[in-house]
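So you can see what is in the structure, the chains are spelled out below.
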Amino acid sequence: MELELRHLRTVRAIADTGSLTKAAAALGLAQPALSAQLRRIEKALGGPLFDRDHTGARPTLLGELVLERARVVLPAVSELQEEAVRFANAWGAMERFRLGGTHGPLLGGLVDRLASAHPTAPVSTYTAWSVTELASQLVDGRLDFVLIGACGESPPPVTDRLEWQVIGIDPVFVMLPENHPLAGETELELSALADECWVDVPGDGCFADCFVAACARAGFSPVSVYETDTASVVHLVQVGRAVGLCRATFPPTPGVVTRPVTGSPLSWRHLLGWHPRSAAASAAAGAVSGHTRAAYAQAVERSDSYTRWLAAHPRFGAAS
């Protein structure tokens, strides 16, 4: 019998779980089948790999040698597979831009700028609420660049394999119907909205927890928090059903006003990400970064109130 990668995965699973029973469950095998496979592996390698008794399975000296090599070979093969997928999905002869993004003001602006600067290059977009999903698409080479947001100082996903660049930092504003009693204020204490229902877009980061914590520091718990798509957020605010949470770069919208919160207890970082070893990164990362920064600057300029607010709060706005 020739040794295969699946045999190394079997040996590693037994060592990691310390039990043939647990390893069989982890591998989706019946224990007798796993025991028979282990005997074949041991025969091929020339000796027992585990000492087994009623307390579990412990590697022999030969088992330790095999495990040491398996811990090098298996990650290397996995990386090879991922790199091959990225290569197969990389740019061909025709330049293209495959963009991903969550909800936010920058994706449309980036598409517009790329389409103007590269009129013959196809531009495609993929949107998702999950930043983890978008990061996975980058790792697999199915997207070239993604635009995401991160709450406060929370790290973006897969930082050990992806490159992330901060484009801008926005405070989180509140969104009120234009006839709300507090709509005329220039800045609001979060506690002034203690009796309101809230609405926001969903996501898989820590923003919901950070909002609840900010409310607790302000002395209250939110009555309720709806999570829905952007259009429904705007509608619920317009009809007075809830007040919303939004980035300060949220575009001007009829029937709605946005106001800063005193002390800016919540913030949002706009991030551009790519795989540093992808063809897209070597060919266009600098240009795409520049276009994204320009799209962010344009989003800021659309809001006169945010532009004025930034003048007094220099820690926010475009990243250097």
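On a predicted model such as this, the values are computed, not experimentally measured, just so you know.

Right, let's get into the packing of aromatic side chains. Within the structure shown, the criterion is met by seven aromatic pairs. Measuring from centroid to centroid gives 5.8 Å for Phe173 and Tyr306, while their planes differ by 80 degrees, and the two rings are edge-to-face. Here Phe173, found in strand E6 (residues 163-177), pairs with Tyr306, found in helix H10 (residues 304-311); they are 133 residues apart in sequence, far enough to count as distant. Assigned by exposure class, Phe173 and Tyr306 land together as buried. With a centroid separation of 4.9 Å and 65 degrees between ring planes, the pair formed by Trp198 and Phe211 is classed as edge-to-face.

Inspection of every chain in the model, using the stated rule, returns zero disulfides. Cys206 carries a free sulfur, and the closest cysteine sulfur to it, the one in Cys210, is 3.7 Å from it. Of all cysteine sulfurs, the one in Cys210 lies closest to Cys215, which takes part in no disulfide; the gap is 11 Å. Among the residues examined, Cys215 registers a relative accessible area of 0% and is labelled buried.

Another point: the pattern of salt bridges. Summed over the entire model, instances satisfying the criterion amount to six salt bridges. In this structure, the salt-bridge partner of Asp144 is Arg98, at a minimum N-O distance of 2.7 Å. Linking Asp144 in the loop between helix H6 (131-139) and strand E5 (145-151) with Arg98 in strand E3 (residues 97-101), this pair joins segments that are 46 residues apart in sequence. The exposure class of Asp144 is buried, given its relative accessible area of 4%. Residue class for Arg98 comes out buried when judged on its relative accessible area of 12%.

Those residues carrying the UniProt feature "domain: HTH lysR-type" (unreviewed entry) are residues 3-60 in this numbering. Overall, residues 3-60 shows 62% helix and 14% strand. The separation of its end C-alpha atoms is 18 Å.

What follows deals with the layout of surface pockets. A volume near 550 Å³ is recorded for the largest pocket. As for the largest pocket, its lining consists of 36 residues, of which His103, Pro202, Gly203, Phe207 and Trp268 are closest to the centre. Contributing elements (two or more residues each) for the lining of the largest pocket: H6, E5, E6, helix H7 (207-217), strand E8 (225-227), helix H8 (230-238) and strand E9 (243-247). Considered class by class, the residues forming the lining of the largest pocket number 24 nonpolar, eight polar and four charged. Considered as a void within the structure, the second largest pocket measures approximately 160 Å³ in volume. For the lining of the second largest pocket, the secondary structure elements donating two or more residues are strand E10 (256-259) and H10. Tallying contributions element by element places E10 first for the lining of the second largest pocket, with four residues.

Our focus in this paragraph is unusual backbone geometry. A positive phi angle is found at Val158, which is not glycine, with a value near 55 degrees. Look at Ser264: it is not a glycine, yet its phi comes out positive at around 45 degrees. Along the chain, the position of Ser264 falls in the loop between E10 and strand E11 (267-274). By relative accessible area, which is 11% here, Ser264 ends up buried.

Reading the values: rules and limits
- Residues numbered from 1 in each chain as written.
- Predicted model: local features only at pLDDT ≥ 70, side-chain atom pairs only at ≥ 80, totals over all residues.
- Heavy atoms only, no water.
- Phe/Tyr/Trp six-rings, centres within 6.5 Å; stacked < 30°, edge-to-face > 60°.
- Helix = DSSP H or I, 4+ residues; strand = E, 2+ residues; numbered from the N terminus.
- Buried < 20%, exposed > 50% of the residue type's maximum accessible area, 1.4 Å probe, protein only.
- Disulfide = S-S within 2.5 Å.
- Salt bridge = Lys/Arg side-chain N within 4 Å of Asp/Glu carboxyl O.
- UniProt positions renumbered as here; feature names shortened; annotations may be inferred.
- 1 Å grid on protein atoms, 1.4 Å probe; cavity = no way out; pocket = protein on both sides within 12 Å on 5 of 7 lines; lining within 4 Å.
- Points joined across faces, edges and corners; volume = space filled by probe spheres on them.
- Nonpolar A, V, L, I, M, F, W, Y, C, P; charged D, E, K, R; others polar.

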